[in-house]
Amino acid sequence: KQEVTQIPAALSVPEGENLVLNCSFTDSAIYNLQWFRQDPGKGLTSLLLIQSSQREQTSGRLNASLDKSSGRSTLYIAASQPGDSATYLCAVLRASGTYKYIFGTGTRLKVLA
Amino acid sequence: DAGITQSPRHKVTETGTPVTLRCHQTENHRYMYWYRQDPGHGLRLIHYSYGVKDTDKGEVSDGYSVSRSKTEDFLLTLESATSSQTSVYFCATLGSVGTDTQYFGPGTRLTVL
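Predicted model only: the values in this text are computed from it and were never measured.

The rules we used
Residues numbered from 1 in each chain as written. Chains lettered and ligands numbered in written order. Predicted model: local features only at pLDDT ≥ 70, side-chain atom pairs only at ≥ 80, totals over all residues. Heavy atoms only, no water. Helix = DSSP H or I, 4+ residues; strand = E, 2+ residues; numbered from the N terminus. Rg over C-alpha atoms; globule rule 2.2 N^0.38 Å. Buried < 20%, exposed > 50% of the residue type's maximum accessible area, 1.4 Å probe, protein only. Contact = heavy atoms within 4.5 Å. Areas by Shrake-Rupley, 256 points an atom, 1.4 Å probe, with all protein chains shown as cover. Lys, Arg positive; Asp, Glu negative; His and termini not counted. Charge placed at Lys NZ, Arg CZ, Asp CG, Glu CD. Pairing = 2+ DSSP bridges. Axes fitted to C-alpha atoms, helices over the stretch in contact; angles between N-to-C directions. Buried area = accessible area lost by both parts, 1.4 Å probe. Salt bridge = Lys/Arg side-chain N within 4 Å of Asp/Glu carboxyl O. Polar contact = N/O pair within 3.5 Å; in protein donor to acceptor, adjacent residues only side chain to side chain. Core = buried A, V, L, I, M, F, W, Y, C linked by side-chain atoms within 4.5 Å. Disulfide = S-S within 2.5 Å.

A. Quick peek at the overall build of chain B. Regarding its fold elements, chain B presents 0 helices and 11 strands. Secondary structure elements of chain B occur, N-terminal to C-terminal, as β-β-β-β-β-β-β-β-β-β-β. Radius of gyration (C-alpha) of chain B: 13 Å, near the 13 Å computed for a compact globule of 113 residues. Along the longest, intermediate and shortest principal axes, the C-alpha atoms of chain B span 40 × 30 × 25 Å. Taken over 113 residues, chain B has a buried fraction of 50%. Long-range pairs, those at least 24 residues apart, make up 55% of the contacts in chain B with a sequence separation of at least 6. When the accessible surface of chain B is split by element, carbon and sulfur atoms take 47% of a total near 5,100 Å². When the 11 positive and 12 negative side-chain charges of chain B are each reduced to one mean point, those points stand 3 Å apart.

B. Structural view of the sheet that holds strand β6 (residues 56–59) of chain A. Residues and elements named next belong to chain A. If you walk across this open sheet you meet the 5 strands as β1-β3-β8-β7-β6, and the pairing is antiparallel. Edge positions in the sheet fall to β1 (4–7) and β6, since each of these pairs with one other strand and no more. Strand-to-strand twist in this sheet, taken as the mean axis angle between neighbours without regard to direction, amounts to 15°.

C. Representation of the interface of chain B and chain A in the model. On the chain A side, the residues contacting the 24 residues of chain B number 21 residues. Carbon and sulfur atoms make up 57% of the surface buried where chain B meets chain A, a total of about 1,700 Å² over both sides. Connecting chain B to chain A are 0 salt bridges. On inspection of chain B and its partner chain A, the count reaches 6 residue pairs in polar contact (both at pLDDT 80 or more).

D. Up close: the nonpolar core. Membership of the largest hydrophobic core comes to 23 residues, with the highest contact counts inside it found for L33, W35 and L75 of chain A. Looking at this core, the elements with two or more residues in it are β3 (19–25), β4 (30–38), β5 (44–51), β7 (62–67), β8 (72–77), β9 (86–94) and β11 (107–112) of chain A.

E. Molecular detail of the side chain of N63 of chain A. Position of N63 of chain A among the secondary structure elements: in strand β7. Beyond its immediate stretch of four places on either side in the chain, N63 of chain A contacts L48, E56, Q57, T58, T74, L75 and Y76 of chain A.

F. Broad picture of the state of the cysteines. Evaluation of the coordinates by the stated rule reveals 2 disulfides over all chains. With its sulfur 2.0 Å from that of its partner, C23 of chain A forms a disulfide with C90 of chain A. Its torsion about the S-S bond being 80°, the disulfide of C23 of chain A and C90 of chain A is classed as right-handed. With C23 of chain A in strand β3 and C90 of chain A in strand β9, the pair connects residues that are 67 residues apart, well separated along the chain. Overall, C23 of chain A belongs to the buried group, its relative accessible area being 1%. Note on C90 of chain A: relative accessible area 0%, which makes it buried. One disulfide bridge connects C23 of chain B with C91 of chain B, the sulfur atoms lying 1.9 Å from each other. Note on the C23 of chain B and C91 of chain B pair: the S-S dihedral is about -70°, so by sign convention the disulfide is left-handed. Here C23 of chain B, found in strand β3 (residues 19–25), pairs with C91 of chain B, found in strand β9 (residues 87–94); they are 68 residues apart in sequence, far enough to count as distant.

G. Broad picture of the sheet that holds strand β1 (residues 4–7) of chain B. All names here are of chain B. The strand order across the open sheet built from 4 strands is β1-β3-β8-β7, with neighbouring strands paired in antiparallel fashion. The two strands at the open ends of the sheet, each matched to only one other strand, are β1 and β7 (64–70). Strand-to-strand twist across the sheet, computed as the mean angle between neighbouring axes with direction ignored, equals 20°. Across 6 bridges, β3 lies against strand β8 (residues 73–78) in antiparallel orientation. Its bridge partner being in β8, T20 is matched across the sheet by T77.

H. Looking closely at unusual backbone geometry. Residues I7 of chain A and P8 of chain A are joined by a peptide bond in cis, for which omega reads 5°. Tracing the backbone through its elements, the reader meets P8 of chain A in the loop between β1 and β2 (10–14). S7 of chain B connects to P8 of chain B through a cis peptide bond whose omega is -10°. With respect to the helices and strands, the residue P8 of chain B is situated in the loop between β1 and β2 (10–13). Phi is positive for A79 of chain A, close to 45°, though the residue is something other than glycine. Turning to its location among the elements, A79 of chain A is positioned in the loop between β8 and β9. A positive phi angle, near 70°, is found at K53 of chain B, a position not held by glycine. Mapped onto the elements of the fold, K53 of chain B is located in the loop between β5 (42–51) and β6 (54–57).

What follows is the structure, encoded as structure tokens:
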């Protein structure tokens, strides 16, 4: 059974700091892994998608890496800003033919001005 | 973002009553999903659809049914609402497996008294 874990559950950092969010999964048979952002009271917005054959993806100040063999992904946020404050969730799409996503419980990030 | 709307956005109902939530999309995406989000549990899949009239269960499907008679609409029905079904419900779509990202609706906050 695929399980996705995100540690830490919450993180508070001063503005300008570079930070890393972690996502681990137990089954390496995945199609892709996605990172999402969720603002309070809102739906999820996709940040980055990494295919199973890729090692990393970048978008602006965000960089996501994937190591399938170790079951780990990291989301790197450079020069954090108060506007980055949100909950970040990772999700894996299982390569089982059923097209079901498994989500982690998220990391709640607060960037202090 | 894919044009995904959910209705109603908020609903309060009483235990034992049936409730139907609607998800409507304008992107002609093949796959549609219903999730619930609860504190400490993250997003959990209730049901998903891989085409018109083609649906499958997720990890928390008991007490819920779905229907998809048109590509653009995916209905979630709580047959007899219980207090444990108080939650925020999200609909999501996916255009193609493996290369596309999930797009999320704004959510429906359901309270069962």
